[in-house]
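Spelled out, the chains give:
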4 protein chains.
Amino acid sequence: MGKNVVILGASGYTGAELVRLIAGHPDINIVGLSAERKAGQQMGDVFPHLRHMNLPQLVKIDELSFENVDLVFCALPHATSQAVIRALPDAVKVVDLSADFRLRDEAEYTKWYGLPHDAPDLQKIAVYGLTEFYRDDIAKARLVAGTGCNAATGQFALRPLIAAGVIGLDDIVIDMKVGVSGAGRALKENLLHAELSEGVHAYGVGGVHRHLAEFDQEFSAVAGRKVEVQFTPHLAPFNRGILATCYVSGDAAAIHETFVSQYVDEPFIEVLPIGEHPSVRHVRGSNFCHLGVVADRKEGRAIVIAALDNLTKGSSGQALHNANLMLSLPETAGLTMAPVFP
Amino acid sequence: MGKNVVILGASGYTGAELVRLIAGHPDINIVGLSAERKAGQQMGDVFPHLRHMNLPQLVKIDELSFENVDLVFCALPHATSQAVIRALPDAVKVVDLSADFRLRDEAEYTKWYGLPHDAPDLQKIAVYGLTEFYRDDIAKARLVAGTGCNAATGQFALRPLIAAGVIGLDDIVIDMKVGVSGAGRALKENLLHAELSEGVHAYGVGGVHRHLAEFDQEFSAVAGRKVEVQFTPHLAPFNRGILATCYVSGDAAAIHETFVSQYVDEPFIEVLPIGEHPSVRHVRGSNFCHLGVVADRKEGRAIVIAALDNLTKGSSGQALHNANLMLSLPETAGLTMAPVFP
Amino acid sequence: MGKNVVILGASGYTGAELVRLIAGHPDINIVGLSAERKAGQQMGDVFPHLRHMNLPQLVKIDELSFENVDLVFCALPHATSQAVIRALPDAVKVVDLSADFRLRDEAEYTKWYGLPHDAPDLQKIAVYGLTEFYRDDIAKARLVAGTGCNAATGQFALRPLIAAGVIGLDDIVIDMKVGVSGAGRALKENLLHAELSEGVHAYGVGGVHRHLAEFDQEFSAVAGRKVEVQFTPHLAPFNRGILATCYVSGDAAAIHETFVSQYVDEPFIEVLPIGEHPSVRHVRGSNFCHLGVVADRKEGRAIVIAALDNLTKGSSGQALHNANLMLSLPETAGLTMAPVFP
Amino acid sequence: MGKNVVILGASGYTGAELVRLIAGHPDINIVGLSAERKAGQQMGDVFPHLRHMNLPQLVKIDELSFENVDLVFCALPHATSQAVIRALPDAVKVVDLSADFRLRDEAEYTKWYGLPHDAPDLQKIAVYGLTEFYRDDIAKARLVAGTGCNAATGQFALRPLIAAGVIGLDDIVIDMKVGVSGAGRALKENLLHAELSEGVHAYGVGGVHRHLAEFDQEFSAVAGRKVEVQFTPHLAPFNRGILATCYVSGDAAAIHETFVSQYVDEPFIEVLPIGEHPSVRHVRGSNFCHLGVVADRKEGRAIVIAALDNLTKGSSGQALHNANLMLSLPETAGLTMAPVFP
C-alpha cells in the first residue's frame, strides 16, 4: 500500500534527490511530479541517472490531482511556494523545501527576502523542520518548513551549546565551505565548471546571507536573548557537502559532553571522539551529520566542526525524515544508506 | 537470520564498497573483516564514512574463523588470493575480486601476470563472474572470479555484438576513460590530487593492459575464433566510473536491436534509445550500466558507448550480485539504489 | 613603440587569453577591447585575474577607432565575424578566431554551419592558421583564420603522417578528451560544475562535430584524395587541454621518424621518445604541443597521442603566433612561458 | 651575462616552480639542479612540463660546484637545510624555502619543530623573507628565509592592520582554504585524488600548525606585545592557491585605508575596492596577492580576505622576488606574468 506523495519542482537538485531517496523507501509511492518549464518530459530525460525508474511524467502543477495524495514535497523557489501551498487541499500534508515558511516573524521574512509574505496564516502554523529539535511538533504538523542547508549545519554544531550555556554568545564565528549543488541548477556564470573549479571564494560576505535569519531566530530563541553570529559561506569545488568551522569561546570538554548527551539517541548524528573532526567526503550521499570538537591552544577557545551533505541531510533527506514522522512511518525509512566514498 | 559473509582485504576501495552495499542488504551479515596492515583498527577509522556501522574489527586473515560462514569475498591483491582461497574450508563459497581466477588458461595467466599460477585446480573450476552472461554457472559455483572493471565495461558493450555477428572482428577499437578509484588506494605519485586533477593521460598504451587478457579470452570464445581488440585506457579526474567508447564496423540499427534483445530482462543494464549515449555521472554509486549506440557518418561504422561505476557494477556490486545468486538470495538484493547525482 | 592591436570579443575565454599572453609580449600594445554586452565595464571587472593590468575599457565595436591599429584579433562567435571583418579598414590585418574563414569551400561552410557565407571574397583570401604548416602564407596574409582547437590537435598528430604516406587513410580514429574551457563561457546546464565534474561524456558523436570539416579539408588536401576520419570528442572535467588519442594503421617507427623530421625545428612542438606519450597537464597554460607514438600489440597498428592547451596553442597562442608572423615580429615573442604545473 | 643560480631540491613543487619562473627571467641562468633521490635523471623526466627547456641534469648536492654561483635557492625539507646551507661558500647568497631560518628564537624553533637548531649562528643573520615588509634588509642579506605560504597570506591580510592599530589584537580568527600543492609531492593517502577531491577538511586544528610560530613572532613584533591568533587551515580540492578569511574587530573603512596606504606602491599587491573580496582562481600561476575588506553587519566587526598562489607568491615567486633584490636585479623581473584563468 504505502503513502502517496507528489513532488513539486522535481527538475531541480532537491527534487531529484527526493526521488533518489524515495526509490529506496519501502512505504512511499511517487504519484505526481511537477516541473513548469520541463512539463511534458520524462524525469529520466531531465535526470538520466533516474532513467531506470518507473516515474510519472513531469507535468505542470495545475495538471496534478491531489486526491489520494498524503503528502506533498514542495521544492519550488522561494516566493513561489506560498501561493502554491495555500492552494493545496487541507487534507494534504506539506513539506516545503523553500525558504518561505522558515521564519516565524513576517517582518523578518520581508527584511531578508525583500517581499511581503503572501500566506501569513500558514507561516504561523508552519513548524521549523530541524528534525532533531522539533521532532514532536513535526509529527503533528500539517506544514513543515525545511531549513536552509547552511542553517541546518550551523545549528547541529551550535544549537545545543547555546541552549546549554557552554559557549559565549557574542563572539561566535561560523566559516562554511559549501559544495556547488547548494547553489542549485541555475545558469550563472560563476557556477560554470571553468569558473568554479580550481578555486574557492566567499559569498554573502558581511552578514547578508539569508540563512542568517534562521540563525538569528533559532539561536535567539534557545538563548532567551538576541544572538547574532558572524557567518561567511564559501563556494568550494565539490558537488555535495557543507563543512562548518565554528570558532567559539568555551571549554572543549564541556562542549563535547553536551554533544554526546544531546545526540546519543539520534540515528543520523555522529559525534566524533574529542579532538577529532569530520570531512564532508565521509557523509556524501547520506543523511548523516558528523560533529567534532577540538580545543584551541588559546585558553577557553574551541573549534566545532560539522559536516553533512547539503542535498541529503541539509535538504531532501531532512524533508523525507520529516515526512516519515508526519506520515507515522518508521523515522529512518529510506534514509539509512551509507555514504558513498570515494 | 540471513547469510554470513567475510570480507578479506577490507581496507581497499572494493572492500569498503562491499561494506557500503551490504549495509543496505536485508539478508547478509558481515561477520568478519580482514586487513593485514591495518589489523587491530576499526573499519570506521580506516573508512570514516562507515563509522556509523556496527562492524567487526579488522583482523589478520589467520585470526578469522570460517565456521558458519557462507561466503567469503576476497578483495586481496592478485597473486595473494590464490594461497588464501586454497586454504579456505570447502564448504565456504568464494567470490574473488582479484585477477587470479579470471583466466582459464594457465599459460595466459603467466603471460599477463608474470607468475606461474599457484592454484591451477581452482583456476579450472572458477566461473568467470560476468553475471549477465554466466548467470546459471555462477548460481552453482563454489568459486567465482570477479572480472576486471574495464573488462566488464567492454564486454557489456561488445560481447553480444560479437556473439550475434553484427560487428566486424578485426578492427575493434576500445578507448576508455577510467575514474581514479580504479587505480586503487596505492600510494603512487601520479595518483596524487595535484598530479592527476586538471588533466588526463593514457596508460597501458599499445596493448599491454592486463584486462586485454580477459577480452581475448571471452571475445574469442563467443566468436569461435581469435579476436584481438585495440584497447587504450585513460585515467581521468573523476573518482568513480568508466566510459568505454567503442569504434566498430557494423550497422547501428542491428547493433541496437541486438542490445535490446540481449538485455531486455536484465535488471541493471539500461539500453538507451538509438542515437543517445551515456555518461558516467549518471551511474555513479549504482549497479547500473548504461549503453548507447550511434551511427557514424562513415557508412558501415558505429560508435558504441558503455558507462558504469567501476567500484559498483565493475567490481563490488558485481561481486554482490554474484553472491546473491550463489546464496540463493533475491538477485538484486542490496543493489537497487539509484545513482547519486550530482 | 611596438604594434597596436585591438581585440574584438574580449569578454570570452579566448579574448582573455589573448590579453594574458600579450601582457608578456614586448612589442604589442592593446589599444582597444570590445565586448557588446559588457561594454562600459572594465576588463578587470569581467576578468578579475587581469585587474592589475592597465587596459582600455570595454566598448562596443562601433565605438572603436582603427586608425593606427596594425592588427585586429577577432574573437567573436562564428557568423558574427564575417560582417565585422568585412567592415574593417583594408590596412588592418586580421586574425580571426572564429570558424568563419576556416573552410575554403563556400558549400562546405554552409553544410557544416547551416548558413550561407556572407563574405565569400574574404573567405577566398583567408589563410588557414595552422602556423607550422602555413607559415609562409601566414606571414604574407591580411586575414588568417585561426583553426578549431580540436582540429589543430588532430592535425599536429596526423597531418605529417598523411602527407608522408606512413599511415592508412581509411581507418583513422580520433578519440579526443577536451577540457571545459573549450566549450566557452556560455551558460548551459551541462557546463555547470555540478553537472560536469565527476564524470565524462562524449558529444558530437557520429561524425557531426564541425571541426570534422577542417579535418576533411586539410587531410584530403595533403593526401591528394578524399580522407574521412572518425572523430569523437569527449568533455572531461579539467579546464584546459585536449588529448587526442589517434588509432592508425602504420609502423610506429616510421611514424616517429616522420614526426622528428617534420617538427625538429619547430619551437612549440615537442616529439617525445618513441613509446612515450603525453598528458595535457604538462602543457597547461603554454603554447607547447606534446606528441607521442606507441606501437600496438597488433601488427601494423599504432597509437599517436597529441596534447595541447586548447586556449593557448589551440586558439589564442596560435593567434598570437600568427600575428607575430604577420607583423614581422620575432615568431615566438610572448609565447615562450613554461607550462603551469601542478 | 646574467647571474648564475643553483636550485637544491629541484624535484619538489617549489623547485619546479622556481624553474618555471626563471625560464621567463632575462638575467638569471640555472647552472645546477640537485635532487638526492632522483639524481641522474633529467628534469624533463621528473617534470615533463619542463621538457622543452635546456636544463642541467639532476645531481646530488655534493656533485655540484658552487664556483661562479651567485645565489642558491634551497628547496629542501626543513631540518635538512641547516647543514647544507652551513656548508655553502660564504660568497654564495642563499634563499632558503624551508622553515629552518624563519624563527629568530632558537627555543621557538625547537618548540614548533621538535629539534634543536643546528645552525644558530646562521639563524641569527637570516632575514625573514616577507618582501614587502623586509625589502631593505633583504637587499643586503646573505641569507633570506622564505616564509611559510600560509604565514605569508595571513600577514598580507593582517600585518599592516596590527601595525597601524586599527584592529583588536585578542580576537583575531584566520580561517584558510589551502590548495593541495601546499602539501607537497609527498605520498600520503589523504593526498590521493580519490581521497581529497570532492570534499574539504580542516587540518592542524586547535593551534598546532607550525606557521602559527611565524604569526606569533611577526605579529607580536609589530604590535609590541604578545599576539596570538586562532588559525585553522583547510585542505580544499584545487591545486594552487590560498584563501585566508580573517575575522577581526575594527572599522572596515579604516582597515581599507590602511591597506591602500600600505600597498599603494607594491607591484604585486592588489587592494580591491572596499566591499569586494578576492578569489584564488584569479591569482593562479601568478605572483599577485589580492586583498579585500568587507564590513560585517555586526557593529565594529570586519572580514578581511586575502588570496594568493601558494607556489608563486607564497613560495617560489617570493623567493625569486627576494633573489632579485639580493642580486641587484630589477625587482619584478620574471614575475610579471598574468594569472592563468580559467
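Residues numbered from 1 in each chain as written. Chains lettered and ligands numbered in written order. Predicted model: local features only at pLDDT ≥ 70, side-chain atom pairs only at ≥ 80, totals over all residues. Heavy atoms only, no water.

Naming follows an unreviewed UniProt entry, where chain A appears as N-acetyl-gamma-glutamyl-phosphate reductase of Nereida ignava. In its Subcellular location (unreviewed entry) section, the UniProt entry covering chain A states "Cytoplasm". (UniProt positions renumbered as here; feature names shortened; annotations may be inferred.)

## What to know about the overall build of chain A
In terms of regular secondary structure, chain A is built from 11 helices and 14 strands. Relative to the globule expectation of 20 Å for 342 residues, the C-alpha radius of gyration of chain A, 19 Å, shows essentially globular dimensions. For chain A, the spread of C-alpha atoms along the three principal axes comes to 60 × 45 × 40 Å. Burial status across chain A gives 65% buried among its 342 residues. Considering only intrachain contacts with a sequence separation of at least 6, the fraction spanning at least 24 residues in chain A is 69%. Working note: accessible area of chain A is about 10,600 Å², and carbon and sulfur atoms make up 50% of it. (Helix = DSSP H or I, 4+ residues; strand = E, 2+ residues; numbered from the N terminus. Rg over C-alpha atoms; globule rule 2.2 N^0.38 Å. Buried < 20%, exposed > 50% of the residue type's maximum accessible area, 1.4 Å probe, protein only. Contact = heavy atoms within 4.5 Å. Areas by Shrake-Rupley, 256 points an atom, 1.4 Å probe, with all protein chains shown as cover.)

## Here we look at the relation of the copies chain D and chain A
For the pair chain D and chain A, the best superposition has an RMSD of 0.0 Å and corresponds to a rotation of 180 degrees with a translation of 0.0 Å parallel to the axis. These values place the two chain copies in the arrangement generated by a two-fold rotation axis. No C-alpha of chain D lies nearer the rotation axis than that of P237 of chain D, which sits 3.2 Å from it. (Least-squares fit on C-alpha atoms with pLDDT ≥ 70 in both.)

## Observations concerning the domain arrangement of chain A
Residues and elements named next belong to chain A. What the domain assignment reports for chain A is domain 1 (3–147 + 313–326) and domain 2 (150–310). Here domain 1 and domain 2 have C-alpha centroids that lie 24 Å from each other. Of the residues lining the interface, 27 residues belong to domain 1; the matching set on domain 2 comes to 35 residues. Overall, the association of domain 1 and domain 2 removes approximately 2,500 Å² of surface from exposure, summing both partners, and the carbon and sulfur fraction of that is 51%. (Domains from an automatic or database assignment. Buried area = accessible area lost by both parts, 1.4 Å probe.)

## What to know about the interface of chain B and chain D
Taken together, the contacts link 19 residues of chain B with 19 residues of chain D. Each partner contributes to the roughly 1,700 Å² buried at the junction of chain B and chain D, and carbon and sulfur atoms together form 53% of this total. Among the salt bridges present, the one from K38 of chain D reaches E189 of chain B, with a minimum N-O distance of 3.2 Å. Connecting chain B to chain D are 12 residue pairs in polar contact (both at pLDDT 80 or more). Broken down by class, the residue content of the side of chain B that touches chain D amounts to 10 nonpolar, 3 polar and 6 charged. (Salt bridge = Lys/Arg side-chain N within 4 Å of Asp/Glu carboxyl O. Polar contact = N/O pair within 3.5 Å; in protein donor to acceptor, adjacent residues only side chain to side chain. Nonpolar A, V, L, I, M, F, W, Y, C, P; charged D, E, K, R; others polar.)

## Points about the relation of the copies chain B and chain D
In screw terms, the move from chain B to chain D is a rotation of 180 degrees and a rise of 0.0 Å along the axis, fitting with an RMSD of 0.0 Å. Counting the interface residues of chain B, we find that 100% of their copies in chain D are interface residues as well, pointing to one common contact surface.

## Remarks on the UniProt feature "active site" (unreviewed entry) in chain A
All names here are of chain A. UniProt's feature table lists "active site" (unreviewed entry) at C149, given in the numbering used throughout. Considering the arrangement of structural elements, one finds C149 in helix α7 (residues 149–164). The contacts of C149, once residues within four sequence positions are left out, are H211, I242, N310 and G314.

## Comments concerning the pattern of salt bridges
Across all of its chains, the model carries 83 salt bridges over all chains by this definition. The partner of E189 of chain A in a salt bridge is R185 of chain C, and the shortest N-O contact between them spans 3.5 Å. Of this pair, E189 of chain A sits in the loop between β8 (173–178) and α8 (193–196) while R185 of chain C sits in the loop between β8 (173–178) and α8 (193–196), placing the two residues on different chains. For E189 of chain A, a relative accessible area of 27% translates into the label partly exposed. A salt bridge links D170 of chain B to R225 of chain B; its shortest N-O distance comes to 2.5 Å.

## What about the sheet that holds strand β1 (residues 3–8) of chain A?
Residue and element names in this part refer to chain A. The parallel open sheet is built from 7 strands, whose spatial order is β3-β2-β1-β4-β5-β7-β6. Of all the strands in the sheet, the pair left with one neighbour each is β3 (58–59) and β6 (127–128). Taken together, the 2 bridges between strand β2 (residues 28–34) and β3 define a ladder with parallel strand orientation. Residue pairing for β3: S34 is matched across the bridge by V59. (Pairing = 2+ DSSP bridges.)

## Thoughts on the sheet that holds strand β9 (residues 201–202) of chain D
Residues and elements named next belong to chain D. Taken in spatial order, the 7 strands of this open sheet run β9-β10-β8-β11-β14-β13-β12, and their pairing is mixed. Single-partner strands in this sheet number two, and they are β9 and β12 (269–271). In this sheet, strand β10 (residues 230–235) lies alongside β9 in antiparallel orientation, the contact comprising 2 bridges. Among the inter-strand pairings, H201 is bridged to a residue of β10, identified as L235. Helix-sheet contacts for helix α10 (residues 252–263) involve β11 (242–249), β12, β13 (289–295) and β14 (301–308), and the interaxial angle to β13 is about 160 degrees. (Axes fitted to C-alpha atoms, helices over the stretch in contact; angles between N-to-C directions.)

## Details of the nonpolar core
All names here are of chain C. If you look at the biggest cluster of nonpolar residues, it comprises 93 residues, and the most contacted ones within it are M43, F73, L158 and I174. It is helix α7 (residues 149–164) that contributes the most residues to this core, 8 residues altogether. There are two domains that each give this core at least three residues, and those are domain 1 (3–147 + 313–326) and domain 2 (150–310). (Core = buried A, V, L, I, M, F, W, Y, C linked by side-chain atoms within 4.5 Å.)

## Quick notes on the interface of chain D and chain A
Between chain D and chain A, the contact holds 50 residues from the first and 50 residues from the second. Buried area between chain D and chain A, both sides added, is near 4,200 Å², and the carbon and sulfur share of it is 49%. For the chain D face of the interface with chain A, the top three residues by lost area are E198, Q230 and R297 of chain D, together amounting to 19%. Applying the counting rule to chain D against chain A returns 6 salt bridges.

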